[in-house]
Each structure stands twice: as C-alpha cells, then as structure tokens.
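# Coordinate analysis (summary)
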Amino acid sequence: MESNLQVNGKFVVEVIDKDGNLKQRVEQHNRVVDTGLEQIASLIAGPDNDSNYISIPTHCAIGSESRGVTSSDTKLINELYRNVFDKVTRTGNDIQYKTTFLPAQPDVSNCRVEEVGLFNAATEGCMLNRCVFQPVYKTRNDTLIITYTLTIMAVTSIHDEVLEDETPSVNR
C-alpha cells in the first residue's frame, strides 16, 4: 500500500446586493499551482528547517481574465484588487479562507470578476492557487464574498508487485 497527499480546493464566489439578496453564486474547483505546492511543503518543513521558507496565505486577489490556468502560473493575469482574509478556520483536513470586497471599494466598485487567487502578501508574493470561472458582476452597491476551502487528504493505493525470490536456486 502506498499513501500520497492530495490537495484539492474549491472557490465559492457570491455577489450580494445592498439589501442582502444573493445576485450571483459560482462554485469552481481550482488548481493549486507549482508555487502553491512549494508553499505547502515549506509550511510543513517550518521556518527553522527551510532556508527558502514561504509564509502562509494572507490575501485573496480578484481579476478579470478568463485565460486558462496552468501549473506554472505565479500571478493573476489581470489583477484588479487584493484584500486580506476576513477569517481563516480549520476543521479536520479543511482550511477555509473568507474574504469580503465591500461596496464602493477602490478598483472593484463596478467590475467583472473572472479569476481569483490566494497570496501570502499584500502585493506580489507567492500565489497558492488560481481559479477561473464564469464572470460575476459587482456593482458599486454590491458586496463580493469569496470563500475558499483547501482540503488536504491522504490517498491510498495498492500496487501489485511481483517480487522475485533472490535466493539462489539449488539444482538437485
């Protein structure tokens, strides 16, 4: 039996109008990019054991580009704005990050959002993941809420192997 770690993530993007009504909701699985996998490995090793330690994600960025995601992506294609997380919680293997973009917030008062990613800095930084989805539209009076759930799990597989007996044979 062999056990491997698997990292999955899902974004939920919601647009809420000024009266608290849900205008749009999109759920989309994402890709943890190469720099994100390095970040996870760095976090497991810890700052005392990794000379290239990469700190935890702290910010959610939104953008307006629908070009596909590749594992080598290091930033959003057309970033509009970045906010610090409102809340981070862990339950079992799940870590949930929640970020709110408020009405009339600079650069996002009237925008089309098609990409999102998590970063470990207010500008630049290491990107954990990137996701593209059908456009959501935020107007001046809307609130945009992004919830991301990262799930880390063990995946077990059984490999059938034929082991050759290395004991020398004896002719009789």
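Shown above is the structure to which this text applies.
Note that the coordinates shown come from a computational prediction; the quantities given were computed from them, not determined experimentally.

A few words now on the sheet that holds strand E2 (residues 22-29). Strands sit in the order E2-E1-E10-E7-E6 across an open sheet of five strands; the sheet is antiparallel. What marks the edges here is a single partner per strand, and that holds for E2 and strand E6 (87-91). Strand after strand, the sheet turns through a mean of 15° between neighbouring axes, direction not considered.

It is worth spelling out the pairing of strand E4 (residues 59-63) at this point. Along E4, five of the five residues are buried, which leaves the element largely enclosed by surrounding structure. In E4, alternate side chains face the same way, and those of His-59, Ala-61 and Gly-63 on one face and Cys-60 and Ile-62 on the other are all buried. Of the strand pairs in this sheet, E4 and strand E5 (residues 79-84) are connected by five bridges, and their pairing is antiparallel. Across the sheet, residue Cys-60 finds its bridge partner in E5, namely Asn-83. Of the pairings in the sheet, the one linking E4 to strand E8 (residues 111-119) comprises five bridges and is antiparallel in character. By the bridge assignment for E8, Ala-61 is matched with Gly-117.

Moving on: the side chain of Lys-138. Looking at the element boundaries, Lys-138 is found in strand E9 (residues 127-138). Buried charge without a partner: Lys-138 forms no salt bridge, and the closest opposite charge is Asp-142, 6.4 Å away. There is a polar contact of 3.3 Å between the side chain of Lys-138 and the backbone oxygen of Leu-102. Among the polar contacts listed, one links the side chain of Lys-138 to the backbone oxygen of Asp-142, at a separation of 2.9 Å. Non-local contacts of Lys-138, meaning those with residues more than four positions away in its chain, are made with Val-15, Phe-101, Leu-102, Pro-103, Ala-104, Val-108, Ser-109, Asn-110, Cys-111, Thr-143 and Leu-144.

Under the definition given, this model contains nine salt bridges. Asp-142 serves as the salt-bridge partner of Lys-23, at 2.9 Å between the closest nitrogen and oxygen. One end of the pair, Lys-23, is in strand E2; the other, Asp-142, is in the loop between E9 and strand E10 (143-157), with 119 residues separating them in the sequence. Given a relative accessible area of 43%, Lys-23 falls into the partly exposed group. Ionic pairing is found between Glu-79 and Arg-82, a salt bridge with its closest N-O pair at 2.9 Å.

Parameters and conventions
Residues numbered from 1 in each chain as written. Predicted model: local features only at pLDDT ≥ 70, side-chain atom pairs only at ≥ 80, totals over all residues. Heavy atoms only, no water. Pairing = 2+ DSSP bridges. Helix = DSSP H or I, 4+ residues; strand = E, 2+ residues; numbered from the N terminus. Axes fitted to C-alpha atoms, helices over the stretch in contact; angles between N-to-C directions. Buried < 20%, exposed > 50% of the residue type's maximum accessible area, 1.4 Å probe, protein only. Lys, Arg positive; Asp, Glu negative; His and termini not counted. Salt bridge = Lys/Arg side-chain N within 4 Å of Asp/Glu carboxyl O. Polar contact = N/O pair within 3.5 Å; in protein donor to acceptor, adjacent residues only side chain to side chain. Contact = heavy atoms within 4.5 Å.

None of the figures reported here should be taken as evidence of function without further support.
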